[in-house]
Every structure is written in structure tokens, then in C-alpha cells.
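Descriptive analysis of the structure
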Amino acid sequence: MIGILIVTHGEIGTALLESASQILGRRPGQVCTLSVWRQDDPDDLVLRAREMMEQIDAGDGVLILTDIFGATPGNVVSKLLQDGRIEGVSGVSLPMLLRVLTGRNGSNPATLDVLVQRAMTGGAEGLVHMNTDRCCDA
């Protein structure tokens, strides 16, 4: 199973994982969160992230989800990436996380490159202008 590391400002990642666990009815395995605070040393964050990845990588790779590209969490993630082995996607949201978590299971679990695409589509399809994109009238 592909490991998932969520690297975000403050407790955003923890809250997303808790919400996903509630929706799924269980806490998913091989998932860690790394909270980034203003006072954290970026080099220490990279070391902590590597330690977490060792815990969650069962040999199938790791997908890292982060909140803002170009901010400290995203910069930490950029130092960890290895094409085809450790992939990163920014803009993490609950729809994105759910698509990723559900794509790792079942009789035909997704490969890392497919899981990246599931993250991207989950994030994009989770954006809905509710005034105009209604599924039904009230």
C-alpha cells in the first residue's frame, strides 16, 4: 500500500485526517501528518518527514500532500521528492484526501502515478460553485 504523508501549516493536516477517518469509519493505515509552525527549522522538518516516510512506506512509494505550493510546507516537500517513488501534490483538501485514501484499497489498488492523478481530480472535482452547479433544486 502506498504511504500518505500530509504536510501542512499548523493542524490543518491533522484535522483533514480526522475528518476523513470519521467519513470512512476508520483511521486509515500508513498515513502520517506533519504540522509546520512558524518557529520550526525547515531542515529539522525535512528530517522529521523522512522519518515518517520510513514508517509509512511499505515499498510501494509515498504520496505527500501539502497545502500551499511555495510556502514552508511545500518547500519541505520539494526537498523530499523522487520521481516515481515519492510524489507531491499541493492544494490538499478533504475531497482530495478521500480520493487518495479510497484509491489505495480494494482488489485493484492504484499505483503511485494513478494515485497522483486521483489526488488531482479529487481536488478539482471538489470545487463546485454551489449557486450555479446545483445537482437539484430545493
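Everything discussed here concerns the structure shown above.
Residues numbered from 1 in each chain as written. Predicted model: local features only at pLDDT ≥ 70, side-chain atom pairs only at ≥ 80, totals over all residues. Heavy atoms only, no water.

Looking now at unusual backbone geometry. Even without being glycine, Gln-30 reaches a positive phi, approximately 55°. Positionally, Gln-30 belongs in the loop between helix 1 (12-24) and strand 2 (31-36). Taking the relative accessible area as the measure of exposure, Gln-30 reaches 25% and is therefore partly exposed. (Helix = DSSP H or I, 4+ residues; strand = E, 2+ residues; numbered from the N terminus. Buried < 20%, exposed > 50% of the residue type's maximum accessible area, 1.4 Å probe, protein only.)

Here the focus is the nonpolar core. Ile-4, Leu-63, Leu-65, Val-89, Leu-97, Leu-115 and Ala-119 are the most contacted members of the largest nonpolar core, which totals 21 residues. Contributions of two or more residues to this core are made by strand 1 (3-9), helix 1, strand 3 (62-66), helix 4 (94-103) and helix 5 (112-125). Per-element tally for this core: the top contributor is helix 4, with 5 residues. If sequence neighbours within four positions are ignored, Leu-97 has contacts with Ile-4, Ile-6, Leu-16, Leu-17, Ala-20 and Leu-65. Grouped together as the second largest cluster of nonpolar side chains are 17 residues, Cys-32, Val-36, Ala-49 and Met-53 included. (Core = buried A, V, L, I, M, F, W, Y, C linked by side-chain atoms within 4.5 Å. Contact = heavy atoms within 4.5 Å.)

Looking now at the pattern of salt bridges. Summed over the entire model, instances satisfying the criterion amount to 1 salt bridge. Of the charged contacts, one joins Asp-57 and Arg-85 as a salt bridge, the two residues approaching to 2.5 Å between their closest N and O atoms. In this pair, Asp-57 is assigned in the loop between helix 2 (42-56) and strand 3 and Arg-85 in the loop between helix 3 (72-78) and strand 4 (86-90), connecting sequence segments 28 residues apart. Of the residues examined, Arg-85 reaches a relative accessible area of 30% and is grouped as partly exposed. (Salt bridge = Lys/Arg side-chain N within 4 Å of Asp/Glu carboxyl O.)

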